[in-house]
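What follows is the residue order along each chain.
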Amino acid sequence: MTLDLFDDAPEAEPQRGKEAIGPGAFVLRGFALPSVGELLPALEAVAQHAPFRHLVTPGGFTMSVAMTNCGRLGWLSDRRGYRYAERDPQTGAPWPAMPAAFERLARTAAAEAGFEGFAPDACLVNRYEPGTRLSLHQDKDERDHGAPIVSVSLGMPAVFLWGGLARSDKPRRIPLAHGDVVVWGGPDRLRYHGVLPLEDRPHALFGSRRINLTFRKAG
Ligand code: MD3
Ligand code: FE
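Residues numbered from 1 in each chain as written. Chains lettered and ligands numbered in written order. Predicted model: local features only at pLDDT ≥ 70, side-chain atom pairs only at ≥ 80, totals over all residues. Heavy atoms only, no water.

### Thoughts on the coordination of the iron ion (ligand 2)
Here comes step 1: At 2.1 to 2.3 Å from the iron ion (ligand 2) lie its protein donor atoms, namely His137 (NE2), Asp139 (OD) and His193 (NE2).
Here comes step 2: Counting residues between consecutive donors of the iron ion (ligand 2) along the chain gives the motif H-x1-D-x53-H. A residue pair is termed long-range when its members are at least 10 positions apart, and Asp139 in the loop between strand E7 (134-137) and strand E8 (149-155) and His193 in strand E12 (residues 193-195) qualify at 54 residues.
Here comes step 3: Under the relative-accessibility criterion, Asp139 is labelled buried at 9%.
Here comes step 4: A relative accessible area of 13% places His193 in the buried class. (Donors = N, O, S within 2.8 Å, 3.2 Å for Na, K, Ca; no water. Helix = DSSP H or I, 4+ residues; strand = E, 2+ residues; numbered from the N terminus. Buried < 20%, exposed > 50% of the residue type's maximum accessible area, 1.4 Å probe, protein only.)

### Here's the deal with the packing of aromatic side chains
Here comes step 1: Evaluation of the coordinates by the stated rule reveals 5 aromatic pairs.
Here comes step 2: Centroid distance Phe160 to Trp184: 5.2 Å. Interplanar angle 50°. Geometry classified as tilted. Taken together, the residues Phe160 in strand E9 (residues 158-162) and Trp184 in strand E11 (residues 181-184) connect sequence positions 24 residues apart. Trp184 matches Phe160 in its accessibility class, with the two residues each being buried.
Here comes step 3: The interplanar angle of 50° and the centroid separation of 5.8 Å between the aromatic rings of Trp162 and Trp184 together place this pair among those described as tilted. Note that Trp162 is positioned in strand E9 and Trp184 in strand E11, a separation of 22 residues in sequence. Pair check on accessibility: Trp162 and Trp184 agree, each one buried.
Here comes step 4: These aromatic residues form a ring-pair network of at least three members: Phe160, Trp162 and Trp184.
Here comes step 5: Just above the ring of Phe26 sits the side chain of Lys18; from NZ or CZ to the centre is 5.9 Å.
Here comes step 6: Across from the ring centre of Tyr128, 5.0 Å away, lies the NZ or CZ of Arg210, which sits over that ring. (Phe/Tyr/Trp six-rings, centres within 6.5 Å; stacked < 30°, edge-to-face > 60°. Lys NZ or Arg CZ within 6 Å of the ring centre and 35° of its normal.)

### Focus: the pairing of E9
Here comes step 1: Where burial is concerned, most of E9 is hidden: 4 out of the 5 residues are buried.
Here comes step 2: Pairing between E9 and strand E10 (residues 172-176): 5 bridges, direction antiparallel. Looking across to E10, one finds that Ala158 is bridged to Leu176.
Here comes step 3: Pairing analysis gives 3 bridges linking E9 to E12, with the strands arranged antiparallel. (Pairing = 2+ DSSP bridges.)

Fair warning: the whole summary comes from geometry, so function is off the table for now.
As structure tokens, this is what we get:
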């Protein structure tokens, strides 16, 4: 006979489930947790080929969030504007290929939210440190607004700002933890959104950092 006294303690289980935050937007709590072991080495390999850097906005401000990309297309910002490009301007090389573990996670998360057949060609990797933030913006540099966006949170927790279709709409605050995945599509695709300045609450695996993977069909 086995004594599984602790196996069913609810507080011992990571939070799971699908929470709708809009008609086309879902938070999948803990969806990425089983994949962290394969995501981490893949992430390190990507950052070795395409190092994190602080991009400059068209207005001349340096972004506090550090970024890199993998997949066929990478998102860029400089004084000329925002765009997707096939090469890393810092090395002249194509962006590193999308790791199989990234692609698999993005596809299964999208399907879980009702978007079958999601095939991202771009993965933007954002790296946050304490105090860094992403101000309210819309994502509209992608050609195909019919495809969803999948975002994977790793490391330190963050507070996501979930606004409306006008910049002036008061945003809702949604806490995002290590392993949470959010899928956005349909009518929610052009909502304003951002991330509040990060608090320093070091994570066991990622230290004082938060990594966000954002998967898109950009081309
Ligand atoms: C909501 N990144 O890189 S991902 C971005 O946590 C970005 O790093 C945030 O916003 C981060 O552009 C949030 C989630 C995200 C991405 C696209 C969206 C949320 C979205 C498009 C529409 C609405
Ligand atoms: Fe965004």
